[in-house]
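Now for the letters of each chain:
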Amino acid sequence: DTGVSQNPRHKITKRGQNVTFRCDPISEHNRLYWYRQTLGQGPEFLTYFQNEAQLEKSRLLSDRFSAERPKGSFSTLEIQRTEQGDSAMYLCASSLTAGQGTLCTFGSGTRLTVV
Amino acid sequence: KQEVTQIPAALSVPEGENLVLNCSFTDSAIYNLQWFRQDPGKGLTSLLLIQSSQREQTSGRLNASLDKSSGRSTLYIAASQPGDSATYLCAVRRPETSGSRLTFGEGTQLTVNP
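In short, a report on the structure. Just so it is clear, the model here is predicted, and its values are computed rather than measured.

Residue and element names in this part refer to chain A. Scanning all chains against the criterion turns up 10 aromatic pairs over all chains. The interplanar angle of 40° and the centroid separation of 5.4 Å between the aromatic rings of Phe-21 and Tyr-90 together place this pair among those described as tilted. With Phe-21 in strand E3 (residues 19-24) and Tyr-90 in strand E9 (residues 88-95), the pair connects residues that are 69 residues apart, well separated along the chain. Classification of Tyr-90 as buried rests on a relative accessible area of 0%.

Okay, here's the thing in structure tokens:
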């Protein structure tokens, strides 16, 4: 297992277009998280899944954003009608549910630039 | 609402110096605390995790402590090297009963000069 994988690494899109990002978590991890990070800030929570169920969504996740994890494995994050303010690094992470010692492992992120 | 603050925001030190990065959080009801490293334009690499019942964790030249009652954690880096230059982020994890999101600080940008 090579860790959490995110694709694409970079995406440049025109304002108003739709974009979709993919995250492949560590295979045995049942939890998957999406975070957004803007320049000079720490990551901010967007949403998380336990298996295929989306259990929590941040208020940051406007109705233009949708996330899915259809079979409890990989996840996609779609942004519709992109705006310049959506430009950020989108980070995916995964973990197991059990134990305080459970690490949250992050992928390398997808950097989105909306022009 | 949990808030996490990291001080200093930036730090520049000569190679070989020992240094301390600080992290404070407002709600002591945490599940665990993780320290991450982030290189420019890259994802996060986990450095250390301290469970809420623990006081410290060590890995190589890194030592992290946790004082949950006062809402503080420190990351100690011994004998710093230019390769340690990066942004260091701390994040606290909410208890399982309150969801399990991580709340991050804004990070400390460390530069180690040769």
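Here the structure, examined in full by the defined rule, presents seven salt bridges over all chains. The shortest N-O distance in the salt bridge between Arg-94 of chain B and Glu-56 of chain A comes to 3.4 Å. Here Arg-94 of chain B is found in the loop between strand E9 (86-93) and strand E10 (102-104), whereas its partner Glu-56 of chain A is found in strand E6 (residues 53-57) on a different chain. Residue Arg-94 of chain B is classed as partly exposed on the basis of its relative accessible area, which comes to 26%. A salt bridge links Glu-83 of chain A to Arg-64 of chain A; the nearest nitrogen and oxygen atoms lie 3.4 Å apart. With a gap of 19 residues between them, Glu-83 of chain A in the loop between strand E8 (75-79) and E9 and Arg-64 of chain A in the loop between E6 and strand E7 (65-68) connect regions that are remote in the sequence. Owing to a relative accessible area of 41%, Glu-83 of chain A belongs among the partly exposed residues under this scheme. Connected via shared salt-bridge partners are Glu-56 of chain A together with Arg-94 and Arg-101 of chain B.

The next point concerns the environment of Tyr-76 of chain B. Residues and elements named next belong to chain B. Examined against the element boundaries, Tyr-76 turns out to sit in strand E8 (residues 72-77). Distance from Tyr-76 to Phe-36, taken between C-alpha atoms, is 13 Å for residues 40 residues apart in sequence. Setting aside its immediate chain neighbours within four residues, Tyr-76 contacts Asn-18, Leu-19, Val-20, Arg-61, Leu-62 and Asn-63.

As a further point, take the state of the cysteines. Taken as a whole and assessed by the stated rule, the structure comprises two disulfides over all chains. Across a sulfur-sulfur distance of 1.9 Å, Cys-23 of chain A and Cys-92 of chain A are joined as a disulfide pair. Sign of the S-S torsion, about -70° for the bond between Cys-23 of chain A and Cys-92 of chain A, identifies this disulfide as left-handed. Of this pair, Cys-23 of chain A sits in strand E3 while Cys-92 of chain A sits in strand E9, and the two are 69 residues apart along the sequence. Exposure remark for Cys-23 of chain A: the relative accessible area of 0% places this residue in the buried category. Covalently, Cys-23 of chain B is tied to Cys-90 of chain B through a disulfide, its sulfur atoms 1.9 Å apart. Residues Cys-23 of chain B and Cys-90 of chain B share a disulfide whose torsion about the S-S bond is about 70°; that sign makes it right-handed. In this pair, Cys-23 of chain B sits in strand E3 (residues 19-25) while Cys-90 of chain B sits in strand E9, placing the two residues 67 residues apart along the sequence. Here Cys-23 of chain B matches Cys-90 of chain B in class, with each residue buried. Cysteine Cys-104 of chain A shares no disulfide, and the gap to the nearest cysteine sulfur, in Cys-92 of chain A, comes to 9.1 Å.

Next up on the list: the nonpolar core. Phe-25, Leu-33, Trp-35, Leu-75, Ile-77, Tyr-88 and Leu-110 of chain B are the most contacted members of the largest nonpolar core, which has 22 residues in total. Listing elements by their share of this core, those giving two or more residues are E3, strand E4 (32-38), strand E5 (44-51), strand E7 (62-67), E8, E9 and strand E11 (108-113) of chain B. If sequence neighbours within four positions are ignored, Leu-110 of chain B has contacts with Leu-11, Val-13, Leu-19, Ile-77, Asp-84, Ser-85, Ala-86 and Tyr-88 of chain B. By size, the runner-up hydrophobic cluster in this structure holds 19 residues, among which are Ile-26, Leu-46, Phe-65 and Val-114 of chain A.

What counts and what doesn't
Residues numbered from 1 in each chain as written. Chains lettered and ligands numbered in written order. Predicted model: local features only at pLDDT ≥ 70, side-chain atom pairs only at ≥ 80, totals over all residues. Heavy atoms only, no water. Phe/Tyr/Trp six-rings, centres within 6.5 Å; stacked < 30°, edge-to-face > 60°. Helix = DSSP H or I, 4+ residues; strand = E, 2+ residues; numbered from the N terminus. Buried < 20%, exposed > 50% of the residue type's maximum accessible area, 1.4 Å probe, protein only. Salt bridge = Lys/Arg side-chain N within 4 Å of Asp/Glu carboxyl O. Contact = heavy atoms within 4.5 Å. Disulfide = S-S within 2.5 Å. Core = buried A, V, L, I, M, F, W, Y, C linked by side-chain atoms within 4.5 Å.

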